[in-house]
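Structural overview
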Amino acid sequence: MSYIQKHKKIVILFVLLVVGLIIYGNSFNNEFFWDDDDSIVNNIYIKDWKYLDNYFLENLIAGAGQVTDYYRPILLICFSLDYHFWGLEPFGFHLTNTFLHIIAAFLIFLLLRRLIKKKSDSFLDLSFILPFLTSLF
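Computed from a prediction, not measured in an experiment: that's the story for all the values here.

Considerations on a nonpolar patch on the surface
A cluster of nonpolar side chains, contributed by W49, L52, F56, L57, Y71 and L81, occupies part of the molecular surface with about 620 Å² of accessible area. Top contributing element to the nonpolar patch by residue count: helix 4 (residues 52-57), with three residues. As for its position among the elements, W49 is in the loop between helix 3 (36-41) and helix 4. The partly exposed category is assigned to W49, whose relative accessible area is 37%.

Pasting the structure below:
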């Protein structure tokens, strides 16, 4: 059995990583845009961990003094982690977002492989191609 056949999941992760970086790589030099002002730049909640309780009690942009019906505590945690790691540098937020998309695609691949339940050693088997193409899409 070849190395590639033996380490199919690593190969798939690598392919998703390369394709994801090619597709989303052009976003790395972009500035914040549209709702990022209220969600990130002007949102005092993500800049200090003392507001952590507010993530679960208020709307997404309450830290910017705005009202919306979006309740996204996990997103606020992600923004806060990004802010504490990258500051207000858009590159870091875009990089994190890209890697989260790639990880999600890989998890979709693993989930579909498990749901299909037919394990095959071949890259050409439908039980492998279908989850791969779905995750790639």
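Concerning the nonpolar core
In terms of nonpolar packing, the biggest core is built from 11 residues, these being F32, I40, Y45, I46, Y55, L60, I61, A62, L76, F79 and F93. Residue contacts for L76: discarding those within four places in its chain leaves N43, I46, Y55, N59 and L60.

A short note on the environment of H101
Within the secondary structure layout, H101 lies in helix 6 (residues 90-116). H101 gets classed as partly exposed once you look at its relative accessible area, which sits at 37%. Remark: the alpha-carbon pair of H101 and G20, spanning 81 residues in sequence, is separated by 7.7 Å.

Notes on the packing of aromatic side chains
Per the stated rule, a full pass over the model turns up eight aromatic pairs. Residues F28 and F91 carry aromatic rings whose centres are separated by 5.5 Å and whose planes lie at 70° to one another, so their mutual orientation is edge-to-face. With a gap of 63 residues between them, F28 in the loop between helix 2 (8-24) and helix 3 and F91 in helix 6 connect regions that are remote in the sequence. Ring geometry for F32 against F93: centres 5.3 Å apart, planes inclined by 75°, an arrangement best described as edge-to-face.

Calculation notes
One numbering rule holds for all chains: residues counted from 1, following each sequence as written. Under the rules for a predicted model, residues below a pLDDT of 70 receive no local features and side-chain atom pairs below 80 are neither given nor counted, while totals for whole chains, interfaces and linings still include all residues. In computing side-chain properties, one takes all heavy atoms of the structure into account and sets aside hydrogens as well as water. Each patch is built from salt-bridge-free residues with over 30% relative accessible area, joining like charges within 9 Å and nonpolar side chains (Val, Leu, Ile, Met, Phe, Trp, Tyr) within 5 Å. Accessible areas in this description were obtained via Shrake-Rupley with a 1.4 Å probe; residue shielding takes into account the shown protein chains only. Salt-bridge detection follows one rule: a side-chain nitrogen of Lys or Arg within 4 Å of a carboxyl oxygen of Asp or Glu. A run of H or I in DSSP counts as a helix once it spans at least four residues, and a run of E counts as a strand once it spans at least two, with each numbered from the N terminus. Residue exposure (1.4 Å probe, protein chains only): buried if accessible area is under 20% of the type maximum, exposed if over 50%, otherwise partly exposed. What makes a nonpolar core is a set of buried Ala, Val, Leu, Ile, Met, Phe, Trp, Tyr and Cys residues whose side-chain atoms join them at distances within 4.5 Å. We call two residues in contact when some of their heavy atoms are within 4.5 Å. Here a pair means two rings of Phe, Tyr or Trp (six-membered ring of Trp) with centres within 6.5 Å. Their orientation is stacked below 30 degrees between planes, edge-to-face above 60, and tilted elsewhere.

None of this, on its own, says anything about what the molecule does.
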